[in-house]
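Geometric and topological summary
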Amino acid sequence: MSQTEHVKALIAWNEGDQKVVLMWIVFDLAIISLTLSEKLFNSKSWLVAIGLFFFLGSAVFLNLYHHKGHLAGRELAGCLAVGATNDPGVLLENLWKKNKAQFRIGIGLMLLGILLLLCEFALGVMSGV
């Protein structure tokens, strides 16, 4: 594989990764908007309120990671334009090494938000609401 093909493959991989992260951000924001517009918001439950904050936090942390990935993609494109002298794969390795905490916190907050909304749903079903 030539250097140009390698950079193109890395750019394609980075674009795919960014699409997935963006999908999770949209999921977080969709849950928030649906919850605010539905009867769950009327329950005035602290589980729902905390869950919404977790989804909002998740969207923020995943957006930070997404932004860093976008910047890495621009650097990869620059490598393609001027011809990379170093291994372009190092850019994506550094992206992960430097920003994996943002990604993991974002996913963790999303999972906690889902758990809290499921608990609220289960409590509502058990209490007959």
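Preceding block: the structure.
A brief look at the structure comes next. (Residues numbered from 1 in each chain as written. Predicted model: local features only at pLDDT ≥ 70, side-chain atom pairs only at ≥ 80, totals over all residues. Heavy atoms only, no water.)

Focus: the overall build of the chain
When helices and strands are tallied, the chain shows four helices and zero strands. Moving toward the C terminus, one meets the helices and strands of the chain in the order α-α-α-α. In the chain, which comprises 129 residues, the share counted as buried stands at 35%. Across the chain, contacts joining residues at least 24 apart in sequence account for 85% of those joining residues at least 6 apart. For the chain, the accessible area works out to roughly 8200 Å², and carbon and sulfur atoms hold 69% of it. (Helix = DSSP H or I, 4+ residues; strand = E, 2+ residues; numbered from the N terminus. Buried < 20%, exposed > 50% of the residue type's maximum accessible area, 1.4 Å probe, protein only. Contact = heavy atoms within 4.5 Å. Areas by Shrake-Rupley, 256 points an atom, 1.4 Å probe, with all protein chains shown as cover.)

Considering the packing of aromatic side chains
Summed over all chains, the structure comprises five aromatic pairs. Measuring from centroid to centroid gives 6.2 Å for F27 and F55, while their planes differ by 75°, and the two rings are edge-to-face. Of this pair, F27 sits in helix α1 (residues 3–37) while F55 sits in helix α3 (residues 46–82), and the two are 28 residues apart along the sequence. Among the residues examined, F27 registers a relative accessible area of 34% and is labelled partly exposed. Judged by its relative accessible area of 1%, F55 is buried. Judged by centre distance (5.2 Å) and plane angle (55°), the rings of Y65 and F103 are tilted. Taken together, the positions of Y65 in helix α3 and F103 in helix α4 (residues 89–126) put the pair 38 residues apart, joining distant regions of the chain. Neither residue differs from the other here; Y65 and F103 are each classed as buried. A connected cluster of aromatic rings, assembled from ring pairs, spans W24, Y65, W96 and F103. (Phe/Tyr/Trp six-rings, centres within 6.5 Å; stacked < 30°, edge-to-face > 60°.)

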